[in-house]
Amino acid sequence: MTTLNINRRNHDVVADPETPLLWVLRDHIGLTGTKYGCGIARCGTCTVLLDGVPVRSCAVALSDVRDRPITTIEGLSADNSHPLQQAWIEEDVPQCGYCQSGQIMSAAGLLAETDTPDDDDIDAAMAGNFCRCGTYGRIRKAIHRAAR
């Protein structure tokens, strides 16, 4: 058994140590806001924060997590009141919405590091997150709005 700190709460998990964190979150804990995209850490859809740093949860084994705090999209706020979630709504970012939790979590990692990112900072931080609907311009505007 492994105890994980997810969204500021401890969860006991019985799973193979090599199980990807993505599947632990979704199948063992029931946090389905983190989505499966490619399974090879290329698309960013499964991004969560590990120790406050964006990681691709499909490529992080349960054994690599240990006592490090994990934040998922559900952990930003219970009522969509987090500044990034509000900015996403106000800028009407999502179309299909599938990649958006990963986008928001990458943006949260950026804003934890940089209070007022410029376009280059945003582009660099978001480069590994793909949006098939192409809402990149609105994503950038939302990040600027949340930074304000």
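Our subject in this report is the structure included herewith. The model shown is predicted, which means the values in this text are computed figures rather than measured ones. (Residues numbered from 1 in each chain as written. Predicted model: local features only at pLDDT ≥ 70, side-chain atom pairs only at ≥ 80, totals over all residues. Heavy atoms only, no water.)

**Overview of the environment of P54**
Stage number 1. Of note, P54 is situated in strand β4 (residues 53–56).
Stage number 2. In this structure the C-alpha to C-alpha distance between P54 and P20, which are 34 residues apart in sequence, comes to 15 Å.
Stage number 3. Beyond its immediate stretch of four places on either side in the chain, P54 contacts T47, V48, L49, M105, S106 and G109. (Helix = DSSP H or I, 4+ residues; strand = E, 2+ residues; numbered from the N terminus. Contact = heavy atoms within 4.5 Å.)

**A closer look at the pattern of salt bridges**
Stage number 1. For the coordinates displayed, the defined rule picks out 6 salt bridges.
Stage number 2. Salt-bridge contacts for E90 lead to R145; the nearest nitrogen and oxygen are separated by 2.9 Å. With a gap of 55 residues between them, E90 in helix α4 (residues 83–90) and R145 in helix α7 (residues 136–147) connect regions that are remote in the sequence.
Stage number 3. Judged by its relative accessible area of 31%, R145 is partly exposed.
Stage number 4. As a salt-bridge pair, R145 and E91 come within 2.8 Å of each other at their nearest N and O atoms. Of the two residues, R145 sits in helix α7 while E91 sits in the loop between α4 and α5 (100–113), which places them 54 residues apart along the sequence.
Stage number 5. In this structure, a network of salt bridges that share partners links the residues E90, E91, K141 and R145. (Salt bridge = Lys/Arg side-chain N within 4 Å of Asp/Glu carboxyl O. Buried < 20%, exposed > 50% of the residue type's maximum accessible area, 1.4 Å probe, protein only.)

**Considering the nonpolar core**
Stage number 1. Core analysis: the biggest nonpolar cluster contains 19 residues, and L84, W88 and I143 have the highest contact counts within it.
Stage number 2. When contributions to this core are tallied by element, the ones reaching two or more residues are α3 (73–76), α4, α5, α6 (119–126) and α7.
Stage number 3. Here this core gets 6 residues from one element, more than from any other, and that element is α5.
Stage number 4. With sequence-adjacent residues up to four places away left out, W88 is seen in contact with V93, P94, Q100, Q103, I104, A107, I139, A142 and I143. (Core = buried A, V, L, I, M, F, W, Y, C linked by side-chain atoms within 4.5 Å.)

**Examining helix α1 (residues 21–29)**
For an α-helix, 3.6 residues make a turn, and residues three or four places apart therefore share a direction.
Stage number 1. The set of residues buried in α1 consists of L21, L22, V24 and L25.
Stage number 2. Where α1 is buried, its residues meet β1 (2–6), β2 (9–13), β3 (47–50), α2 (62–65) and β5 (70–71).
Stage number 3. Positive backbone phi, at 85°, marks G30, one or two positions downstream of α1.

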